[in-house]
Amino acid sequence: MTCASCVAHVEHVLRGVDGVEDVAVNLATERATLRFDPAAVRMADLVRAVQETGYEVPTETMVLPIGGMTCAACVAHVEEALRRLPGVVSAVVNLATEKATVTFIPGVVSIADFKKAVAEAGYEILDVPAGGVAAPEEDEAERKMRQARFRMRVAWAFTVPIILWMLPEMLWGVMWPSHTVFNLGMILLAAPVLFWVGRRTYRSGLSAALHGFANMDTLITLGTGVSFLTGPASFFFPVANYAGVAAMIMAFHLTGRYVEETAKGRASQAIRKLLELGAKTARVVRDGIEIEVPIEEVRVGDVMVVRPGEKIPTDGVVLEGESAVDESMATGESMPVNKRPGDEVIGATVNQEGLLKVRATRVGRDTFLAQVIRLVEEAQGSKVPIQAFADRVTAVFVPIVLGIALLTLIAWLAFPGFMRTLVTAGSFLPWVNPNLGTVTLAIISTVAVLVIACPCALGLATPTALMVGSGMGAEHGILIRSGEAIQTLKDVRVVVFDKTGTLTKGRPEVTDVVPAEGMSEEELLYLAGSAERGSEHPLGRAVVERAGARGLALADPAEFQALRGRGIAATVDGKRVLVGSRRLMEEAGLSPAPLEGALRRLEEEAKTAILVAVDGRMGGVLAVADPLKEDAVAAVEELHRLGLRTAMITGDNRRTAEAVARRVGIDEVRAEVLPDGKVAEVRRLQGEHGRVAFVGDGINDAPALKGADVGIAIGTGTDIAIEAGDVTLVRGELAGVVEAIHLSRATFRKIRQNLFWAFFYNVVMIPLAVVGWMHPVLAEIAMATSSVTVVTNANTLRRVDIRMNQFATN
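Residues numbered from 1 in each chain as written. Predicted model: local features only at pLDDT ≥ 70, side-chain atom pairs only at ≥ 80, totals over all residues. Heavy atoms only, no water.

Re the sheet that holds strand β4 (residues 88–94)
Read across the sheet, four strands follow the order β4-β5-β3-β6 without closing on themselves; strand pairing throughout is antiparallel. The open sheet has two free edges, formed respectively by β4 and β6 (124–125), since each of these has just one partner strand. When strand β3 (residues 60–67) meets strand β5 (residues 99–104), the two strands line up antiparallel, connected through six bridges. Bridge assignment links Pro65 to a residue of β5, and that residue is Lys99. The strands touched by helix α3 (residues 72–83) within the sheet are β3, β4 and β5, with β4 carrying the most contacts at an inclination of about 165°. (Pairing = 2+ DSSP bridges. Helix = DSSP H or I, 4+ residues; strand = E, 2+ residues; numbered from the N terminus. Contact = heavy atoms within 4.5 Å. Axes fitted to C-alpha atoms, helices over the stretch in contact; angles between N-to-C directions.)

Here it is in structure tokens:
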């Protein structure tokens, strides 16, 4: 905000949000104080309202490790607890990574508030490192797997004797050595499995119940608890002892959790790999002495000494030395890149040859690597739109299962004859025994329903695939901001390209100098080059560089004006010079007719023609060419093979644009479009064809990147426009567009498979459990297998080759 008008506009917009009662905006403090109904207004609505008017609400994003979650119901509970906090814009919890990604307004809510809200919900926030970026997870992941492995082994150490203890009764119907000793043995062997290594499950299930909701562990707690209680009950009532079965259920449950932890560790290894890339120490020159310091102590401006074979500690600029640097960790490109003084280098890349002296320009959370880690974590912490349906189902799933279990128990006790008929029909299954008592069969069926219907697979179906997909993208130099981008990208029908810096290399060069009658090449270059010295436009710099290459001593321009989208005007040695497009000349009342032949020839050669006028008469034309990227033709051909339409939107003149489009194979061209007009063209294509992806440089094309269904920002090295688009291509190669689409389709294919199997499993298994055809132990095996299958299936995504291997040379 800059003035009272801004204040009035923001106040008006915020008052228009339903539920807002009063607004007071302070220009000096740049804050808005609101009174509103918290039940009717979400913080995200307020932020969105402000953003849609062209202002911004500064927010921060923090990734919080959450302890104690076990299923999708836990995810929903933690999300709700965080979202209720004032100042929280959004909160997304990922069960697979056990982390919450929270976007909030700093100063309104703090980490202490997060911890309190999560604790009140029955969970805990683990240690949060400085900056809110997760610390290296390998030790934590190893600790979790080690603990899970210990619990599993202890559980089976008691469960195997239970199985052996039960064999005589199962094979010959003999309770050895006596009925009383047999039942007592079952209880004593089962107790450590349930109440020692299984106590975390019980604690989680009971905590959920105390906070007014139910999760996966609630179902396991009820199922095993009821089974165990049949043991003591068997001494007093005619009911079978299922205490041993309770131990088996818990043993299989803990085994499933161990396998799940192992699989989740594999799925989340992308972040650990990125964290491992960073250098641990740096050699810096201070007071003329070279010393080695921890990477945390490197400051902006420090001069770092990097020897061959060492990692460059942090982002910086080369001061001395020349070398080849392996940047594969950032770009996925295996070929080393030559670096010399003035070149930028990325932290964690490897110096291969000569000694380099590098001035640190970014440290800590500002480095390229830290940005990538945060971006991948945010993508992994986001949700794809399809998960909204799964979330709605999960919200009511456990209560429905509890209801089905209760109805199953009532049905067995109220209609034993009918239910026994159903169980008799399944007697061909070796574990189905219709001769058991009615109460025993009722307990078996009820416990099987509770155990088999855990929503864990539903909670893991989407985030695990998203974790693997976003990690694969980072390894290939494709940084995806959100899960929504992954889902949307697969549905894109049109890929729209900017021209300069996207289809072309973005390094224009003057190729032709055509003076008008009465003017020499040197004079034309001198006047145009001097006028362009005040310009930052790439075409202007190309003119200045060509004049310098001819050895011309350029003058400083006076009365310089940058005429947006058309060119520049300046005074050079007392002469009024115009440099720019045909439109600029026509606005000045000048006709380029004398140069029309040269213009047509140059534009047909896909060169940008720059007209020059001096003191009201045409002075000549300069041709600038920007070479195509090596993989442009191959990338467009591959997009066509995938069934996609391609288009190009550029500010260049139509002849030049159409010549480039012909060389590349673009279907549709929109030329002479000003930056603001690109958004309108994107919307037109959306109306005609459907979803649109826009590929641009991430800075000049920011409005179009935001306006498209998916914005794909082209970035290179540390200049990456990481905030510009939904997807960022680190290498800057167009092959990345094709690879991103392949990755989107492959990832979403896994998500659909996972959701199908998670739903299918429950739809098929619950009815079998209700009619007594599913033994509780087999139900637990099936439940654990479903979760492991979902995570394992997500990990198979790594086998998909998304690379575009064939490039055409232009």
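Structural notes on the nonpolar core
Note on soluble globular proteins: their nonpolar side chains tend to be buried together. Ranked by internal contacts, the top residues of the largest apolar core, which has 136 residues, are Phe114, Phe497 and Val737. Top contributing element to this core by residue count: helix α27 (residues 735–770), with 14 residues. Discounting chain neighbours no more than four positions away, the residues touching Phe114 are Leu64, Leu82, Leu85, Val88, Val102, Phe104, Val109 and Ile125. Counting residues in hydrophobic clusters, the runner-up holds 22 residues, among them Val513, Ala570, Val612 and Leu622. (Core = buried A, V, L, I, M, F, W, Y, C linked by side-chain atoms within 4.5 Å. Buried < 20%, exposed > 50% of the residue type's maximum accessible area, 1.4 Å probe, protein only.)

Brief notes about the environment of Arg566
Relative to the elements of secondary structure, Arg566 occurs in the loop between β19 (558–563) and β20 (567–572). Among all residues touching Arg566, those that are not within four sequence positions of it are Val579, Gly580, Ser581, Arg583, Leu584 and Glu587. Only 2.7 Å separates the side chain of Arg566 from the side chain of Glu587, close enough to count as a polar contact. (Polar contact = N/O pair within 3.5 Å; in protein donor to acceptor, adjacent residues only side chain to side chain.)

Points about a nonpolar patch on the surface
Together, Leu406, Leu407, Leu409, Ile410, Leu413 and Val439 make up an exposed nonpolar region whose accessible area comes to about 540 Å². With five residues, helix α13 (residues 387–414) is the largest single contributor of residues to the nonpolar patch. Relative to the elements of secondary structure, Val439 occurs in helix α15 (residues 438–452). (Patch = residues over 30% accessible without salt bridge, like charges linked within 9 Å, V, L, I, M, F, W, Y side chains within 5 Å. Areas by Shrake-Rupley, 256 points an atom, 1.4 Å probe, with all protein chains shown as cover. Salt bridge = Lys/Arg side-chain N within 4 Å of Asp/Glu carboxyl O.)

Description of the pairing of strand β10 (residues 316–320)
In this structure, β10 lies alongside strand β13 (residues 344–345), joined through two bridges in antiparallel fashion. Across the sheet, Gly316 pairs through a bridge with Val345, a residue of β13. Bridging between β10 and strand β15 (residues 356–360) involves four bridges; their strand directions are antiparallel. Each residue of the ladder has a partner; that of Glu320, found in β15, is Lys357.

Structural notes on the packing of aromatic side chains
The final tally for this structure, using the stated rule, is nine aromatic pairs. Judged by centre distance (5.0 Å) and plane angle (90°), the rings of Trp156 and Phe252 are edge-to-face. Residue Trp156 is located in helix α5 (residues 138–172), and its partner Phe252 is located in helix α9 (residues 243–267); the two are separated by 96 residues in the primary sequence. Residue classification places Trp156 among the partly exposed residues on the basis of a relative accessible area of 21%. The interplanar angle of 90° and the centroid separation of 5.6 Å between the aromatic rings of Trp757 and Phe760 together place this pair among those described as edge-to-face. Note that Trp757 and Phe760 are positioned in helix α27 at a spacing of three residues, about one turn of the helix. Members of the aromatic cluster, each reached through a chain of ring pairs, are Phe195, Tyr202 and Phe228. (Phe/Tyr/Trp six-rings, centres within 6.5 Å; stacked < 30°, edge-to-face > 60°.)

Some thoughts on the sheet that holds strand β9 (residues 303–306)
The strand order across the open sheet built from six strands is β8-β7-β9-β15-β10-β13, with neighbouring strands paired in antiparallel fashion. Edge positions in the open sheet fall to β8 (289–294) and β13, since each of these has one partner strand only. One ladder, built from four bridges, connects β9 with β15; its direction is antiparallel. Within the sheet, the bridge partner assigned to Val305 lies in β15 and is Lys357.

Structural notes on helix α7 (residues 199–210)
For α7, which comprises twelve residues, the first-to-last C-alpha distance of 16 Å matches the rise-based estimate of 16 Å (1.5 Å per residue) to within 8%. Here α7 has its buried residues at Thr201, Tyr202, Ser204, Gly205, Ser207 and Ala208. Positive phi shows up at Gly212, right after α7, with a value of about 85°. (Expected span 1.5 Å × (residues − 1).)

What about the packing of helix α22 (residues 596–604) against helix α24 (residues 654–664)?
Closest axis-to-axis distance for the α22/α24 pair is 8 Å, and the angle between their directions is 25°. Comparing the axis directions of α22 and α24 gives the class roughly parallel. Here Glu596, Leu599, Arg600, Glu603 and Glu604 of α22 come into contact with α24, specifically with Arg655, Thr656, Ala659 and Arg662. Among the residues forming the contact of α22 with α24, the class breakdown is two nonpolar, one polar and six charged. (Parallel < 35°, antiparallel > 145°, perpendicular 65-115°, else oblique. Nonpolar A, V, L, I, M, F, W, Y, C, P; charged D, E, K, R; others polar.)

Examining the side chain of Thr70
For Thr70, the position within the fold is in the loop between β3 and α3. Overall, Thr70 belongs to the buried group, its relative accessible area being 8%. One polar contact links Thr70 to Asp217, side chain to side chain, over a distance of 3.0 Å.

A short note on the confidence of the model for the protein chain
This prediction gives the protein chain a mean pLDDT of 83; 89% of its residues lie at or above 70. Averaged pLDDT values over the elements of the protein chain bottom out at 65 in helix α10 (residues 269–277) and peak at 95 in strand β17 (residues 494–497). Note that residues 129–138 has pLDDT below 50 and, in this model, 21 contacts with residues that lie over four places away or in other chains. (pLDDT = per-residue confidence, 0-100.)

Looking at unusual backbone geometry
The bulk of non-glycine residues show a negative phi, and the bulk of peptide bonds are trans. Unlike most non-glycine residues, Glu98 shows phi in positive territory, near 60°. Tracing the chain through its elements places Glu98 in the loop between β4 and β5. Phi at Asp287 is positive, roughly 55°, even though this residue is not glycine. Of the residues examined, Asp287 reaches a relative accessible area of 80% and is grouped as exposed.

A look at the pattern of salt bridges
With the rule as written, the count across this model stands at 29 salt bridges. The salt bridge involving Glu587 is made with Arg566; its shortest N-O contact spans 2.7 Å. Of this pair, Glu587 sits in helix α21 (residues 582–587) while Arg566 is found in the loop between β19 and β20, placing the two residues 21 residues apart along the sequence. You can call Glu587 partly exposed: its relative accessible area is 45%. It is possible to trace a salt-bridge network through shared partners that takes in Arg645, Glu668, Arg670, Glu681, Arg684 and Glu688.

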